[in-house]
Amino acid sequence: MAAVFLYLVFSVALPAIIFIVHRSSRCRRLRLPPGSLGLPFVGETLQLISAYKTENPEPFIDERVNRFGSLFTTHVFGEPTVFSVDPETNRFILQNEGKLFECSYPGSISNLLGKHSLLLMKGNLHKKMHSLTTSFANSSNIRDHLLVDIDRLIRLNLDSWPDRVLLMEEAKKITFELTMKQLMSFDPCEWTESLRKEYVLVIEGFFSVPLPIFSPTYRRAIKARTKVAEALSLVVKQRRIESESGEKRKDMLGALLASDDHGGFSDEGIVDFLVALLVAGYETTSTSMTLAVKFLTETPLALVQIMEEHEQIRAKKGEGEALEWSDYKSMTFTQCVVNETLRIANIIGGIFRRTMTDINVQGYTIPKGWKVFASFRGVHLDHEHFKDARTFNPWRWQNNSGATYPANVFTPFGGGQRLCPGYELARVELSVFLHHLVTRFSWTPVEEDKLVFFPTTRTQKRYPINLQRRDRV
Ligand code: HEM
């Protein structure tokens, strides 16, 4: 018995005590932001996970901001991490990408994304590829090339809806089809549909325990990733041949091949790049579409106002006539709805970075190699920055309401060198989707759905609605 006791003391208790003492003396030396590192090894990960199962939008962050302020230390997912819910510090983190902070994703994520994805690139290559993607998705390219297909594909989808749909599922299908068109000029067909089925398995992998031995979901995701990559690399091969014989297409793959004068991109590199673009816009845009509808449903005055805006646009056009850029630009109230949806319920709550050196901020030091999490949603939901911050109020964005928000308090698309290259594209897709939805249908939710702030693939209800087709103006 005594031997067992001694064994436990030396093998378990003693290392834990040494760990805690060492950790707290290091913390005192460095003047870390206040907070708690929680239990040895697990830190506060369990509190973080269980907090997000409640209905409260930011329980983990709220509790710690109340106790420690807008910069606090915690320990989650195996690493000490400093959370910032301070707009100025968030801006500092975003603006110092590649100098003081770098992006860092776990290996499990890179396996699914592919090592040549834009999200994982660094340095000059990242700059070049980020700028290429931004040019592809900028306003003038959307206006001149992408809008016509966004309008057509969304219309086609909505026209095929039955009387009852799971909105989130439909929004994902739309987003996938739009991205396939934009990346590789594919219209929806059997091939894209079978690719989508594999792709959905890949996405599930992002929300699973990333250990192939324990998680069948992760194993399935890795297999599906290989199938998606094989299918796309056939397309890339074919398009290379076409491109070499002088055939140019105005899609993302065309832009990649055209910029690859010296054969710098391997087929594998291009495939990784395309997969990451499919991933980046998928959950983000489709969740925003679903939540915009949900918030509008719960805010009847806003629903009436957005319907009026779109009926006015429709009234000037012939039956089935496509939306033009000037129509998009005239959707002023819709932009308020889009902003407000992204403010309250952006699926990307913030971004993780790793410090490249010791960082001094607000009189504290964040040690080299630590993780930081710049919480955008924490700022978006802070009453100090937005009056009645947790209420959906699209009118706060109207120019005549006197509301002006500094750029660093509203950052649904991040900022700095990694500013989302799809920010305008996402806004256009959301607006066109809302246009066709409100001019075609009225709807009622099938059941009370508590999904508001934190939808994830695993927990979200898919927002079933009953649709009634409207008489067209
Ligand atoms: C509502 C929709 C969207 C939201 C809220 C959103 C949000 C974001 C945010 C916050 C980041 C910054 C990540 C970081 O700094 O680590 C980001 C990056 C990115 N987004 Fe989006 N995004 C959306 C739609 C799209 C779309 C439609 C595309 C397609 C082009 C896209 C492509 C990307 C890419 C490629 C990156 C990585 C940029 C880089 O690391 O340089 N996003 N997005």
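These notes cover the structure that comes with them. Quick caveat: nothing in here was measured; it's all calculated off a predicted structure. (Residues numbered from 1 in each chain as written. Predicted model: local features only at pLDDT ≥ 70, side-chain atom pairs only at ≥ 80, totals over all residues.)

## Re the sheet that holds strand E3 (residues 101-102)
Pairing between the strands of a sheet comes from backbone hydrogen bonds, and it takes one of two forms, parallel or antiparallel.
Logical step 1: Taking strand neighbours across the sheet as the criterion, the five strands line up as E1-E2-E8-E5-E3 in an open arrangement whose pairing is mixed. Single-partner strands in this sheet number two, and they are strand E1 (71-76) and E3.
Logical step 2: As judged from the six bridges shared by E1 and strand E2 (residues 79-84), these two strands associate in the antiparallel manner. Bridged to Leu-71 within E2 is Ser-84.
Logical step 3: Sitting on the sheet, helix H3 (residues 59-68) touches E1, E2 and strand E8 (371-375), and the angle it makes with E1 is about 135°.
Logical step 4: Contacts from helix H4 (residues 87-95) reach E1, E2, E3, strand E5 (350-355) and E8, with the element oriented near 120° to E8. (Pairing = 2+ DSSP bridges. Helix = DSSP H or I, 4+ residues; strand = E, 2+ residues; numbered from the N terminus. Contact = placed C-beta atoms within 7 Å. Axes fitted to C-alpha atoms, helices over the stretch in contact; angles between N-to-C directions.)

## Some remarks on helix H17 (residues 423-440)
Logical step 1: With 18 residues, H17 extends 26 Å from end C-alpha to end C-alpha; this agrees with the ideal 26 Å at 1.5 Å per step.
Logical step 2: Across the 18 residues of H17, 13 count as buried, placing the element largely inside the fold. (Expected span 1.5 Å × (residues − 1). Buried ≥ 20, exposed ≤ 12 C-beta atoms within 10 Å, placed from the backbone.)

## Side note on the nonpolar core
Where a protein is soluble and globular, its nonpolar side chains tend to be buried together.
Logical step 1: Judged by nonpolar contacts, the single largest core of 74 residues is most densely connected at Ile-150, Leu-274, Val-275, Leu-277, Ala-292 and Phe-433.
Logical step 2: The element contributing the most residues to this core is helix H12 (residues 267-298), with 17 residues.
Logical step 3: If we skip the residues at most four places from it in the chain, Leu-277 touches Thr-179, Leu-183 and Met-252.
Logical step 4: Formed by 18 residues, the second largest nonpolar core is a distinct cluster that contains Phe-60, Ile-61, Ile-351 and Ile-366. (Core = buried A, V, L, I, M, F, W, Y, C linked by C-beta atoms within 7 Å.)

## A look at the site of the ligand
Logical step 1: The environment of the ligand is formed by 25 residues, the closest being Ala-280, Gly-281, Gly-414, Cys-420 and Gly-422.
Logical step 2: When residues of the shell around the ligand are traced back to their parent elements, those giving at least two are helix H6 (123-136), H12 and H17.
Logical step 3: At six residues, H12 tops the list of elements feeding residues into the shell around the ligand.
Logical step 4: Of the residues that constitute the shell around the ligand, the class distribution is 15 nonpolar, nine polar and one charged. (Near = placed C-beta within 6 Å. Nonpolar A, V, L, I, M, F, W, Y, C, P; charged D, E, K, R; others polar.)

## Details of the pairing of E1
Logical step 1: Counting buried residues in E1 gives six out of six residues, a clear majority hidden from the surface.
Logical step 2: Burial of the side chains of E1 extends over both faces: Leu-71, Thr-73 and His-75 are buried on one face and Phe-72, Thr-74 and Val-76 on the other.
Logical step 3: What sits between the antiparallel neighbours E1 and E2 is a turn of two residues, in which Phe-77 has the positive phi angle 50°.

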